[in-house]
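# Examining the three-dimensional arrangement
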Amino acid sequence: MGVIHALDRDGVEHALPAREGLSLMEILRNAGLPVEATCGGQCICSTCHVYIDPHWADGLTPRTPTEQVLVEDTGHFRETSRLACQIEFSPELDGLKLELAPEY
Ligand code: FES
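Residues numbered from 1 in each chain as written. Predicted model: local features only at pLDDT ≥ 70, side-chain atom pairs only at ≥ 80, totals over all residues. Heavy atoms only, no water.

### Regarding the packing of aromatic side chains
Enumeration according to the criterion identifies zero aromatic pairs in this entry. Here Arg78 stacks its cationic end above the ring of Tyr51, 3.7 Å away from the centre of that ring. (Phe/Tyr/Trp six-rings, centres within 6.5 Å; stacked < 30°, edge-to-face > 60°. Lys NZ or Arg CZ within 6 Å of the ring centre and 35° of its normal.)

### Notes on the nonpolar core
One finds Ile4, Leu24, Ile27, Leu28, Ile52, Leu96 and Leu98 to be the most contacted residues of the largest nonpolar core, which totals 30 residues. Those elements that provide at least two residues to this core are strand 1 (2-7), strand 2 (13-18), helix 1 (24-30), strand 3 (49-52), helix 2 (54-57), helix 3 (65-73) and strand 5 (97-100). It is helix 1 that contributes the most residues to this core, four residues altogether. Apart from residues no more than four positions distant in its own chain, Ile4 is found in contact with His14, Ala15, Leu16, Ala18, Leu24, Ile27, Leu28, Phe89, Leu93, Leu96 and Leu98. (Core = buried A, V, L, I, M, F, W, Y, C linked by side-chain atoms within 4.5 Å. Buried < 20%, exposed > 50% of the residue type's maximum accessible area, 1.4 Å probe, protein only. Helix = DSSP H or I, 4+ residues; strand = E, 2+ residues; numbered from the N terminus. Contact = heavy atoms within 4.5 Å.)

### Examining the pairing of strand 3
Alternating positions in strand 3 separate into two faces, His49 and Tyr51 on one and Val50 and Ile52 on the other, with burial throughout. For strand 3 and strand 4 (residues 81-83), the ladder comprises three bridges, and the chain directions are antiparallel. Note on strand 4: the bridge partner recorded for Val50 is Arg82. (Pairing = 2+ DSSP bridges.)

### Some words on the layout of surface pockets
When its volume is computed, the largest pocket comes out at roughly 160 Å³. Considering the residues around the largest pocket, the lining is formed by 13 residues, among which Tyr51, Asp53, Lys97, Leu98 and Glu99 are closest to the centre. When residues of the lining of the largest pocket are traced back to their parent elements, those giving at least two are strand 1, strand 3 and strand 5. For the lining of the largest pocket, a count of residues per class yields six nonpolar, two polar and five charged. (1 Å grid on protein atoms, 1.4 Å probe; cavity = no way out; pocket = protein on both sides within 12 Å on 5 of 7 lines; lining within 4 Å. Points joined across faces, edges and corners; volume = space filled by probe spheres on them. Nonpolar A, V, L, I, M, F, W, Y, C, P; charged D, E, K, R; others polar.)

### A word on the sheet that holds strand 4
Strand order in the open sheet made by the five strands is 2-1-5-3-4, with mixed pairing throughout. Two strands bound the open sheet, and with one partner strand each, they are strand 2 and strand 4. The average undirected angle you get between the axes of adjacent strands in this sheet is 40 degrees. By the bridge criterion, six bridges tie strand 1 to strand 2 in an arrangement that is antiparallel. Along strand 2, the bridge assignment pairs Leu7 with Glu13. Most of the contacts of helix 3 go to strand 4, to which it runs at about 115 degrees, and overall it touches strand 3 and strand 4. (Axes fitted to C-alpha atoms, helices over the stretch in contact; angles between N-to-C directions.)

### Description of the pattern of salt bridges
Enumeration according to the criterion identifies two salt bridges in this entry. The closest approach of N and O atoms between Arg82 and Glu67, which form a salt bridge, is 2.8 Å. Of this pair, Arg82 sits in strand 4 while Glu67 sits in helix 3, placing them 15 residues apart in sequence. Judged by relative accessible area, which is 6%, Arg82 ranks as buried. Measuring nitrogen to oxygen at the nearest pair gives 3.7 Å for the salt bridge that ties Glu99 to Arg78. (Salt bridge = Lys/Arg side-chain N within 4 Å of Asp/Glu carboxyl O.)

Everything listed here is a matter of geometry and, on its own, says nothing about what the molecule does.
Here is the structure:
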């Protein structure tokens, strides 16, 4: 079990228990943070849009072309934009920081 730190849309930081094999979206949603995830993690809805702390963003697997299009279409794209359902938690990500993007 690890931890991720999530900044919500009110600027409040939450330390969330993170289990290996769960996606970041599932970790956020399980903790009750307002991540709609209407497509259930299928990389379709982009309601799980987050900004990964730059310190951690570089170490992640790159966005797929589909993910790239979706995060750009949100209107809130940043270089550190990711869909949280597309990143699986692993021990290397223990301590990762992210911020919830504005609602789509
Ligand atoms: S939950 Fe729909 S794109 Fe991530």
